[in-house]
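Spelled out from the first residue to the last, the chains are:
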Amino acid sequence: MAAEPTIIELRAAALTRLNAASDLETTRAWYRDYLGDHGAVTALTKRIASLPPEQRRAFGIAVNALKTELGATLSERQASLEASALETRIESEAIDVTLPGRPVRRGFLHPTTRIIREICDIFGKMGFQTVEGPEVEYAKYNFDMLNIPADHPARDVWDTFHVESGESEIVLRTHTSPMQVRTMLGQQPPVRVVVPGRCYRYEATDATHLAMFLQVEGLAVDEGITLADLKGTLTEFARQMFGPERKTRFRCDFFPFVEPGVDFAIDCPQCGGKGCRLCKQSGWIELLGAGMVHPRVLEMVGYDTSKYTGFAFGMGPERLMLLKYGLDDIRDFYKNDIRWLRQMDRAWL
Ligand code: FA5
């Protein structure tokens, strides 16, 4: 018969192994080897019945004591291993609340949205309401009712994207001026509106020209409105936009829907009028086209021209921004280069 370990030897070996167990998996293997169905202690239990009667009692007591002791020691060992496993996990998952947080990047408005809002706010304080209109427009509103009939040479000035020809000719609006017509057809004076929106022209793109660009239109019609009102309104706008010290200049210009027509300029904000690269040495920067609403336009919308007069103006916000910030390429607005856009956001005055 092979020498079997005595209870004392078995106990010593079992306890040594259990104490050395460094994780729960090892204690479960240990359980199988000693206390499980085929374990060494269970084997001893099974032997009790085959012992001579005088040895059975003492052996039985000793085996049961061993079983109880090992069971209790196992529970203790497992509890302590579980506790330290938990501690390790908590430590590894701990958050150091004293570390500086990662900065969350704040979103910001596109510069064209900001400039449009700024322009409309300035006119809003002067009593102008902001309205919007369709970008796909009847040629009748874009041209005819603005005193630009089909055979008029001025019609060629606006290189037009045509959507539909024939009876109801439809175009992509080449300016926001058709909203003058729509506004006046929809209401009687007094009228005071500004109209921001996209316009389209079939032309080659370069540093100052886009095929899709923004305009802001302005229109005021009431009794007794004169050129002095136009000058006052635009001067106030220019000073709010470019600084209170700005000088202004009005010169004759031609647009078929105004009479007289003017171009409006400010002294160059960069050089104060001395002449520089921005103003091309002229000392002046042209901001927009304007004029007194042509009586024919007022007639076509059914306004009483013996009673009402008005002024209108139209400007290009992207070009205004080129001037205000000394930028050199209008195409940058629509490249979606996030670094350029962020720089514009930071530079905003
Ligand atoms: C007009 O479009 C007139 N409707 C303005 C007007 C309104 C005059 C009311 C009188 C009364 P003009 O074609 O000059 O005018 O355009 C006005 C502004 O739009 C220009 O000064 C410019 O800033 C902008 N603009 C015109 N074409 C382009 C383009 N291709 N790219 C970018 N901006 C443009």
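Scroll up to find the structure.
Since the structure is predicted, the reported quantities are computational estimates derived from the model, not experimental observations.

> Pulling in residues and values, what's your account of the sheet that holds strand β10 (residues 308–315)?
Strand order in the open sheet formed by seven strands is β1-β5-β6-β10-β9-β8-β7, and the pairing between neighbours is mixed. Two strands in the sheet have a free side with no partner beyond their single neighbour: β1 (129–130) and β7 (248–253). Pairing of strand β5 (residues 191–200) with strand β6 (residues 212–223), which is carried by 10 bridges, proceeds in the antiparallel orientation. When the bridges of β6 are listed, Gly197 appears paired with Gln215. This element, helix α10 (residues 317–325), spans β6, β9 (284–293) and β10 of the sheet and lies at about 105° to β6.

> Account for the sheet that holds strand β4 (residues 170–172), with residues named and values stated.
A sheet is described by the order of its strands in space; here three strands give the open sequence β2-β4-β3, paired in antiparallel fashion. A strand with exactly one partner marks an edge of an open sheet, and here the two such strands are β2 (136–138) and β3 (162–164). Neighbouring strand axes in the sheet, compared pairwise and without regard to direction, differ in orientation by 35° on average. Of the strand pairs in this sheet, β2 and β4 are connected by three bridges, and their pairing is antiparallel. Following the sheet pairing, Val136 is matched in β4 by Leu172.

> Quick one: what's the story with the packing of helix α8 (residues 227–242) against α10, residue by residue and with numbers?
The interhelical angle for the contact between α8 and α10, taken along N-to-C directions, is 50°, at an axis separation of 11 Å. In this view, α8 runs oblique relative to α10, as classed from their interaxial angle. Across the interface between the two elements, Phe237, Met241 and Phe242 of α8 pack against Leu320, Leu323 and Lys324 of α10. In the contact of α8 with α10, the residues fall into five nonpolar, no polar and one charged.

> Just give me the short version of the packing of aromatic side chains, but keep the residues and values in it.
In the structure shown here, the tally under the stated rule is 13 aromatic pairs. Here the aromatic rings of Trp30 and Tyr34 are separated by 5.1 Å at their centres, their planes lie at 40°, and the arrangement is tilted. Highlighted residues: Trp30 and Tyr34, both in helix α2 (residues 24–34), separated by four residues, approximately one helical turn. The residues Trp30 and Tyr34 share a single accessibility class, namely buried.

> An account of the site of the ligand is requested, with residue identities and associated values reported.
His175, Ser177, Arg201, Glu203 and Leu210 are the nearest of the 23 residues found near the ligand. In the model, a nitrogen atom of the ligand is placed 2.9 Å from a nitrogen or oxygen of the Ser177 side chain. In the environment of the ligand, a nitrogen atom lies 2.8 Å from a nitrogen or oxygen atom belonging to the backbone of Leu210. Bound to the protein, the ligand loses 91% of the 680 Å² it would expose on its own. Contributing elements (two or more residues each) for the shell around the ligand: β6, β9 and β10. In terms of residue class, the shell around the ligand is built from 10 nonpolar, nine polar and four charged.

> Provide a residue-level description of the pairing of β6, including the pertinent values.
Of all 12 residues in β6, 10 are buried; the element is thus mostly enclosed. As paired elements, β6 and β10 share eight bridges and run antiparallel to each other. Within β10, the residue paired with Gly218 across the bridge is Phe313.

> Lay out unusual backbone geometry in plain terms, naming residues and giving numbers.
Across the chain, the bulk of peptide bonds are trans and the bulk of non-glycine residues have phi less than zero. A cis geometry characterises the amide bond from Pro189 onward to Pro190, with omega recorded as 5°. Here Glu259 and Pro260 are connected by a cis peptide whose omega angle stands at -5°. Although it is not a glycine, Asn147 sits at a positive phi angle of roughly 70°. As for its position among the elements, Asn147 is in the loop between α6 (139–142) and β3. For Asn147, a relative accessible area of 10% puts it in the buried group. For Asn336, which is not a glycine, the phi torsion comes out positive at approximately 55°. Relative to the assigned elements, Asn336 resides in the loop between α10 and α11 (338–347). Assessed through its relative accessible area of 58%, Asn336 is described here as exposed.

Cut-offs applied
- Residues numbered from 1 in each chain as written.
- Predicted model: local features only at pLDDT ≥ 70, side-chain atom pairs only at ≥ 80, totals over all residues.
- Heavy atoms only, no water.
- Pairing = 2+ DSSP bridges.
- Helix = DSSP H or I, 4+ residues; strand = E, 2+ residues; numbered from the N terminus.
- Contact = heavy atoms within 4.5 Å.
- Axes fitted to C-alpha atoms, helices over the stretch in contact; angles between N-to-C directions.
- Parallel < 35°, antiparallel > 145°, perpendicular 65-115°, else oblique.
- Nonpolar A, V, L, I, M, F, W, Y, C, P; charged D, E, K, R; others polar.
- Phe/Tyr/Trp six-rings, centres within 6.5 Å; stacked < 30°, edge-to-face > 60°.
- Buried < 20%, exposed > 50% of the residue type's maximum accessible area, 1.4 Å probe, protein only.
- Near = heavy atom within 4 Å.
- Polar contact = N/O pair within 3.5 Å; in protein donor to acceptor, adjacent residues only side chain to side chain.
- Areas by Shrake-Rupley, 256 points an atom, 1.4 Å probe, with all protein chains shown as cover.

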